[in-house]
2 protein chains.
Amino acid sequence: MEKFELHILGCGSALPTMRHQATSQIVNIREKLFMIDCGEGTQVQLRRSRLKFSRLNHIFISHLHGDHCFGLIGLISTFGMLERTADLHIYSHPDLISLLQAQIAFFCKGMSYKVIFHPFNPKEQAVIYDDRSISVETIPLCHRMPTCGFLFREKPTLNHIRRDMIDFYRIPLWMINRIKEGEDFITDSGETIPNKWLTTPSDPPRTYAYCSDTAYYPRIIPQIHGADLLFHEATFVNADETRARQTQHSTARQAAQIAHDAEVKRLVIGHFSARYDDEKQLLKEAQEVFPATLLAQENLQINL
Amino acid sequence: MEKFELHILGCGSALPTMRHQATSQIVNIREKLFMIDCGEGTQVQLRRSRLKFSRLNHIFISHLHGDHCFGLIGLISTFGMLERTADLHIYSHPDLISLLQAQIAFFCKGMSYKVIFHPFNPKEQAVIYDDRSISVETIPLCHRMPTCGFLFREKPTLNHIRRDMIDFYRIPLWMINRIKEGEDFITDSGETIPNKWLTTPSDPPRTYAYCSDTAYYPRIIPQIHGADLLFHEATFVNADETRARQTQHSTARQAAQIAHDAEVKRLVIGHFSARYDDEKQLLKEAQEVFPATLLAQENLQINL
């Protein structure tokens with residue numbers, strides 16, 4: 001299978017702690033890196049991950065709270081010092097643009113590459129990125145400011161050729177792509193060889209849904225239904241549900257309920273409040289509802 | 001002696017590494033904390049130091065390169081979340097003000113405390129802070145943009161009272177301060193008791209000089225002469241002196257030469273280039289010129 005990995009760079013919440021970094025993740029799809037959120041300290045975490053800076057061309061910002069975007073200027077500045085030349089694309093709420101542009105103009109004079117902003121409306125579900133192999137959709141969420149998650153959706157790939165059958169029927173090279181696309185083969189003697197003899201089915205396309213920050217918000221369920229992996233914030237334990245409601249965050253149980261109802265394959269919870277010394281209780285509460293839950297942690301890597 | 005401590009929060013240079021944090025220091029004078037520079041990640045380093053956030057009211061920014069100020073907005077934002085009420089004073093080149101104010105206005109709405117800017121001209125030597133116990137002076141430096149260091153100068157304190165002599169001569173309470181200030185005492189019988197019998201000399205006032213970033217710049221020597229501690233940047237080893245000159249940084253030997261010529265008591269070097277895997281060579285080269293040199297490192301604390 002082609003590479004589709006999630007790297008957690010930081011999974012803390014607004015107040016910094018010595019245990020967790022501010023929010024940031026990398027989705028690695030076939031060695032193209034996509035960053036989600038960029039809290040303070042992200043560039044050091046990215047270095048620690050040993051992922052190649054030069055493979056990162058697209059950054060998606062869920063919302064404009066500091067713990068999700070204060071690391072951008074440092075990252076952009078460092079890329080400049082490293083004499084990057086490729087454009088860097090930033091997808092965010094439009095309000096980020098003027099703030100960040102003012103900083104770039106002052107701190108990154110004569111930069112060797114361009115930062116290109118792609119503003120989007122977090123309240124609308126829309127495809128904001130699309131290439132040959134994946135698309136990225138916004139997932140409108142419910143938080144104290146306009147916020148959305150992101151759905152990374154792999155595109156279906158062509159069937160795999162069975163090399164032995166191709167050799168056996170002496171199928172010419174120019175036919176191969178048509179067979180991958182599903183055509184049957186007709187031999188010189190007029191015999192039809194059904195496509196299913198010649199190919200094996202391609203890997204089913206995978207999806208990763210990132211949902212942070214958000215209150216419990218079942219409206220997202222149809223959109224993320226059946227995802228291979230769901231990251232859902234779980235800032236609080238159940239006992240702090242009132243606090244979760246006030247701040248428009250989720251409890252671990254609520255995150256698990258979403259995972260359960262959306263019938264996703266696996267759930268990873270994060271965005272942990274600074275008030276907890278460890279996350280065992282959060283994991284326990286989530287697993288009671290959705291057993292296939294794991295805890296985010298810095299430098300964790302999950303293969304989809 | 002009253003407390004006068006330096007805490008190194010970060011001593012790396014522009015490119016982040018996993019070994020060093022971006023530049024920041026805390027000067028702790030009698031439990032008043034003064035921050036010098038505030039690179040990305042400083043707030044986490046401050047937490048790690050276990051110094052009390054509430055004791056920090058004054059931040060001095062040497063110059064507006066990102067590795068010296070990108071941590072400000074995160075720190076300011078966190079202080080807001082912690083419901084700080086005391087004013088926070090920031091001393092910097094005037095260009096910082098509008099950039100940071102725009103960020104504060106957007107990210108820190110309804111903040112519980114005020115940030116007060118004190119712009120200064122880094123090209124002039126001037127006292128920019130003054131209270132009962134210390135003053136802070138700018139030290140104009142030589143770098144690619146307007147930059148200054150800071151000289152923390154303790155004020156002379158009054159002589160110490162000798163409790164045994166006060167009791168012996170039955171000196172009344174209202175006379176004590178005058179004796180601390182140097183007056184003699186005249187007994188009821190008309191005998192003059194010289195002040196030196198009644199007091200012991202106060203501790204000599206201490207000074208800490210912070211000089212970063214700068215090329216080798218002997219013009220600072222008279223101002224920092226005799227300092228108890230000098231922090232001087234030593235970005236490069238001697239072999240990279242050409243690079244040091246191009247980027248207007250110093251080598252370890254140049255830092256030590258300044259320390260030697262200024263007859264300071266101790267030198268601590270920092271702002272290490274990301275190109276070195278360890279700093280032994282820098283230390284060796286500095287100590288050849290000025291033996292009382294030590295290497296900065298994160299979480300190092302030095303008592304003056």
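Being a predicted model, the structure only gives us computed values, none of them experimental.

## Quick look at the domain arrangement of chain A
How big an interface is tends to be expressed through the accessible area that disappears when the partners come together.
Thought 1: What the domain assignment reports for chain A is domain 1 (4-157 + 203-303) and domain 2 (160-200).
Thought 2: The distance between the C-alpha centroids of domain 1 of chain A and domain 2 of chain A comes to 43 Å.

## Considerations on the nonpolar core
Thought 1: Counting 66 residues, the largest nonpolar core has Leu 72, Ile 76 and Ile 90 of chain A together with Leu 72, Ile 76 and Ile 90 of chain B as the members making the most contacts within it.
Thought 2: Those residues within four positions of Ile 90 of chain B in sequence are excluded, and the remaining contacts are Ile 59, Ile 61, Leu 72, Ile 76, Leu 96, Leu 100, Val 115, Ile 116, Phe 117 and His 118 of chain B.

## Considerations on the interface of chain A and chain B
Thought 1: The partner chain B presents 30 residues to the 30 residues of chain A that form the contact.
Thought 2: In total, chain A and chain B occlude about 2800 Å² of area from one another, counting both sides; carbon and sulfur atoms represent 73% of this.
Thought 3: Ranking the residues of chain A by area buried against chain B places Met 18, Glu 40 and Phe 70 of chain A at the top, with a combined share of 24%.
Thought 4: At the boundary of chain A and chain B, one finds zero salt bridges.
Thought 5: On inspection of chain A and its partner chain B, the count reaches six residue pairs in polar contact (both at pLDDT 80 or more).
Thought 6: Per-element tally for the side of chain A that touches chain B: the top contributor is helix α4 (residues 95-107) of chain A, with six residues.
Thought 7: Taken together, the residues of the side of chain A that touches chain B sort by class into 15 nonpolar, ten polar and five charged.

## Points about empty space enclosed by the protein
Thought 1: Overall, the coordinates contain three cavities of 30 Å³ or more when judged by the stated rule.
Thought 2: Put simply, the largest cavity is a space of about 100 Å³.
Thought 3: Looking at the lining of the largest cavity, the elements that each hand over two or more residues are α4 of chain A together with α2 (72-81) and α3 (95-107) of chain B.
Thought 4: The element that contributes the greatest number of residues to the lining of the largest cavity is α3 of chain B, accounting for four residues.
Thought 5: A per-class count over the lining of the largest cavity returns nine nonpolar, two polar and no charged.

## Let's talk about the packing of α2 of chain B against α3 of chain B
Residue and element names in this part refer to chain B.
Thought 1: Running from N to C, α2 and α3 cross one another at 45°; their axes reach a closest spacing of 11 Å. Regarding the angle of α2 to α3, the classification is oblique. The hand of the α2/α3 crossing is right-handed. Listed contacts from α3 to Leu 72, Ile 73 and Ile 76 of α2 are Leu 96, Leu 100, Gln 103 and Ile 104.
Thought 2: Looking at the contact of α2 with α3 residue by residue, the classes come out as six nonpolar, one polar and no charged.

Reading the values: the criteria
Residues numbered from 1 in each chain as written. Chains lettered and ligands numbered in written order. Predicted model: local features only at pLDDT ≥ 70, side-chain atom pairs only at ≥ 80, totals over all residues. Heavy atoms only, no water. Domains from an automatic or database assignment. Core = buried A, V, L, I, M, F, W, Y, C linked by side-chain atoms within 4.5 Å. Buried < 20%, exposed > 50% of the residue type's maximum accessible area, 1.4 Å probe, protein only. Contact = heavy atoms within 4.5 Å. Buried area = accessible area lost by both parts, 1.4 Å probe. Salt bridge = Lys/Arg side-chain N within 4 Å of Asp/Glu carboxyl O. Polar contact = N/O pair within 3.5 Å; in protein donor to acceptor, adjacent residues only side chain to side chain. Helix = DSSP H or I, 4+ residues; strand = E, 2+ residues; numbered from the N terminus. Nonpolar A, V, L, I, M, F, W, Y, C, P; charged D, E, K, R; others polar. 1 Å grid on protein atoms, 1.4 Å probe; cavity = no way out; pocket = protein on both sides within 12 Å on 5 of 7 lines; lining within 4 Å. Points joined across faces, edges and corners; volume = space filled by probe spheres on them. Axes fitted to C-alpha atoms, helices over the stretch in contact; angles between N-to-C directions. Parallel < 35°, antiparallel > 145°, perpendicular 65-115°, else oblique. Left-handed = near helix turned anticlockwise from the far one by under 90°.

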